[in-house]
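# Remarks on the overall topology
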Amino acid sequence: MTLITDAATIWSNPVTLTAAEVWQNRAGSVFITTTDTPDLTDGLWLHEMHALHLSAGVTVRYRKEGNGTALIAREAV
């Protein structure tokens, strides 16, 4: 399992998945998107303990919402 602890309030650099993965938000609130050039309102809003299944080959970006700390767990399935 990989943990993402550096989420900022701006979109991350793109991450292209080599395998199908589940991304789960463990703390705070985050947005996850597969949009090439997202604006701040793009993406799915994941609250604490919500998860999303993503297919291999997609390019993902993430960002936190609010001032708190965000923690995202990535797990290949």
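A short tour of the structure in this document, coming up. (Residues numbered from 1 in each chain as written. Predicted model: local features only at pLDDT ≥ 70, side-chain atom pairs only at ≥ 80, totals over all residues. Heavy atoms only, no water.)

## Thoughts on the pattern of salt bridges
- This model, assessed by the stated rule, comprises two salt bridges.
- Arg63 serves as the salt-bridge partner of Glu65, at 3.1 Å between the closest nitrogen and oxygen.
- Classification of Arg63 by relative accessible area gives buried; the value is 5%. (Salt bridge = Lys/Arg side-chain N within 4 Å of Asp/Glu carboxyl O. Buried < 20%, exposed > 50% of the residue type's maximum accessible area, 1.4 Å probe, protein only.)

## Let's talk about the sheet that holds strand E5 (residues 44–46)
- A sheet is described by the order of its strands in space; here four strands give the open sequence E2-E7-E4-E5, paired in antiparallel fashion. With one partner strand each, in any of the chains shown, strand E2 (15–16) and E5 form the two edges of the open sheet.
- Where strand E4 (residues 29–33) meets E5, three bridges bridge the pair, whose relative direction is antiparallel. Bridged to Phe31 within E5 is Trp45. (Pairing = 2+ DSSP bridges. Helix = DSSP H or I, 4+ residues; strand = E, 2+ residues; numbered from the N terminus.)

## Structural notes on the nonpolar core
- By size, the foremost hydrophobic cluster in this structure holds 14 residues, and its most contacted members are Trp23, Ile32, Tyr62 and Ile72.
- Looking at this core, the elements with two or more residues in it are E4, strand E6 (51–54) and strand E7 (59–65).
- In contact with Tyr62, not counting residues within four places along its chain, are Ile4, Asp6, Ala7, Ile10, Trp11, Ser12, Val15, Trp23, Phe31, Ile32 and Ile72. (Core = buried A, V, L, I, M, F, W, Y, C linked by side-chain atoms within 4.5 Å. Contact = heavy atoms within 4.5 Å.)

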